[in-house]
Amino acid sequence: MLDERVQQELIAKGRAFMRGYGEMDQYMEDFESDQDLRKPQPPLVKAPIVGEEHQIPLPRDFSALPLNWDLSKLFFLRKSSRLFTEEHMSLLQLSFLLWSTQGVKKLRGKAYATLRTVPCGGARHEFETYLLVRRVDGLNPGVYHYLPMTHTLEYLGEREKLDETISDTLCGQAWAAKANVVFYWSMVAYRAEWRYGIYAHRTALIDTGHVGQNLYLACTGLGLGTCGIAAFSHDLCTQVFGLDGEEEYMVYTAPVGTIKPDNDETEEMATYSFVYESGI
């Protein structure tokens, strides 16, 4: 068991980090980022890991999806789901989820920044999307990496004992191994540090929230379920996705799967007046 004094010290450090600059205030006047110093900008995205023969273009026409576009309904129905039916998901559904969470809408300037479907501090978009796919039509089970510039998936290979890998990467959460696909987001740290330096990491925490919420709302619109997870194994995720663990490391995960309709929720939805009343 962790010594109580050490535990309280770690908690205090965490609180100081979340409060903001804190002890770093003393450096603010003299701080210059690498951007201020006119050092070369890092690449906007990670280069493809494998050759074109292993890349899978994703469908882009989402008009065929039976999406729920009513924003108030999305907010009402959004919830975390941990029970999945293990029916197949379509490639079009997965394509929409990837576009919703990290899709590139356009470039700003001469490849200075990407404008995406999620907000991000300084438009740095310091995240990369990896997937462990179990049941998605048209995809072999295994390990994938998303290429947002071309809206393409690259197949990094199969993974033996895939269900066990999912559970182990998520600290033994076996329920997640019944998801159709598990999203894993890594942070390429220097992409944000180039602009924000010692202040980059708190902003990155906020940015992950934007990505996760877009996934929740996109899943809700498609009638799928998801659950954001912060409990994951740094070392195992690093090994599974071939990260170096220092310049790029995992920060957030979320299983996504097919779910049963909630009849009680549907009935409640039918009588809901969309006039907010606190239940407290």
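Summary of the structure given here. (Residues numbered from 1 in each chain as written. Predicted model: local features only at pLDDT ≥ 70, side-chain atom pairs only at ≥ 80, totals over all residues. Heavy atoms only, no water.)

1. Things to note about the overall build of the protein chain
Counting secondary structure elements, the protein chain contains eight helices and nine strands. Taking 2.2 N^0.38 as the reference for a compact globule, 280 residues should give roughly 19 Å; the C-alpha atoms of the protein chain span a radius of gyration of 20 Å, in line with that estimate. Here the protein chain, with 280 residues, has 43% of them falling under the buried criterion. Expressed as a percentage of contacts within the protein chain between residues at least 6 apart in sequence, the contacts between residues at least 24 apart total 77%. With the model as given, the accessible surface of the protein chain reaches about 15,400 Å², and the carbon-plus-sulfur share is 53%. (Helix = DSSP H or I, 4+ residues; strand = E, 2+ residues; numbered from the N terminus. Rg over C-alpha atoms; globule rule 2.2 N^0.38 Å. Buried < 20%, exposed > 50% of the residue type's maximum accessible area, 1.4 Å probe, protein only. Contact = heavy atoms within 4.5 Å. Areas by Shrake-Rupley, 256 points an atom, 1.4 Å probe, with all protein chains shown as cover.)

2. Let's talk about the sheet that holds strand β4 (residues 127-133)
Here seven strands make up an open sheet; going across it, the order is β1-β6-β5-β4-β7-β9-β8 and the pairing antiparallel. Two strands bound the open sheet, and with one partner strand each, they are β1 (55-57) and β8 (224-226). Each neighbouring strand pair of the sheet contributes to a mean axis angle of 30°, computed without reference to strand direction. Here β4 runs beside strand β5 (residues 142-147); their pairing, made up of four bridges, is antiparallel. Bridge pairing links tyrosine 130 to histidine 145 in β5. Strands β4, β5, β7 (181-188) and β9 (248-258) of the sheet are contacted by helix α7 (residues 234-241), whose axis makes an angle of about 80° with β4. (Pairing = 2+ DSSP bridges. Axes fitted to C-alpha atoms, helices over the stretch in contact; angles between N-to-C directions.)

3. Concerning the packing of helix α1 (residues 4-19) against helix α6 (residues 200-222)
In the contact formed by α1 and α6, the axes pass within 9 Å of each other and the chain directions differ by 80°. Accordingly, the angle class assigned to the pair α1 and α6 is roughly perpendicular. Along the contact surface, α1 presents Phe17, Met18 and Arg19, while α6 presents His201, Arg202 and Leu205. Tallied by class, residues from the contact of α1 with α6 come to three nonpolar, one polar and two charged. (Parallel < 35°, antiparallel > 145°, perpendicular 65-115°, else oblique. Nonpolar A, V, L, I, M, F, W, Y, C, P; charged D, E, K, R; others polar.)

4. A word on the pattern of salt bridges
Under the definition given, this model contains seven salt bridges. Of the charged contacts in the structure, one is a salt bridge between aspartate 34 and lysine 39, with a shortest N-O distance of 3.6 Å. Lysine 39 sits in the partly exposed class, given a relative accessible area of 41%. Note that glutamate 128 and arginine 191 form a salt bridge whose closest N and O atoms lie 2.5 Å from each other. Here glutamate 128, found in strand β4, pairs with arginine 191, found in helix α5 (residues 189-196); they are 63 residues apart in sequence, far enough to count as distant. Across this residue pair, the class does not change: glutamate 128 and arginine 191 are buried. Where salt bridges share partners, they join Glu86, Arg134, Arg135 and Asp163 into one cluster. (Salt bridge = Lys/Arg side-chain N within 4 Å of Asp/Glu carboxyl O.)

5. As for the side chain of threonine 129
Here threonine 129 lies in strand β4. Take threonine 129: its relative accessible area is 2%, and that puts it in the buried class. A polar contact of 3.3 Å, which involves the side chain of threonine 129, links it to the side chain of tryptophan 185. Those residues in contact with threonine 129 that lie beyond four places of it in its chain are Leu98, Gln102, Tyr144, His145, Tyr146, Phe183, Tyr184 and Trp185. (Polar contact = N/O pair within 3.5 Å; in protein donor to acceptor, adjacent residues only side chain to side chain.)

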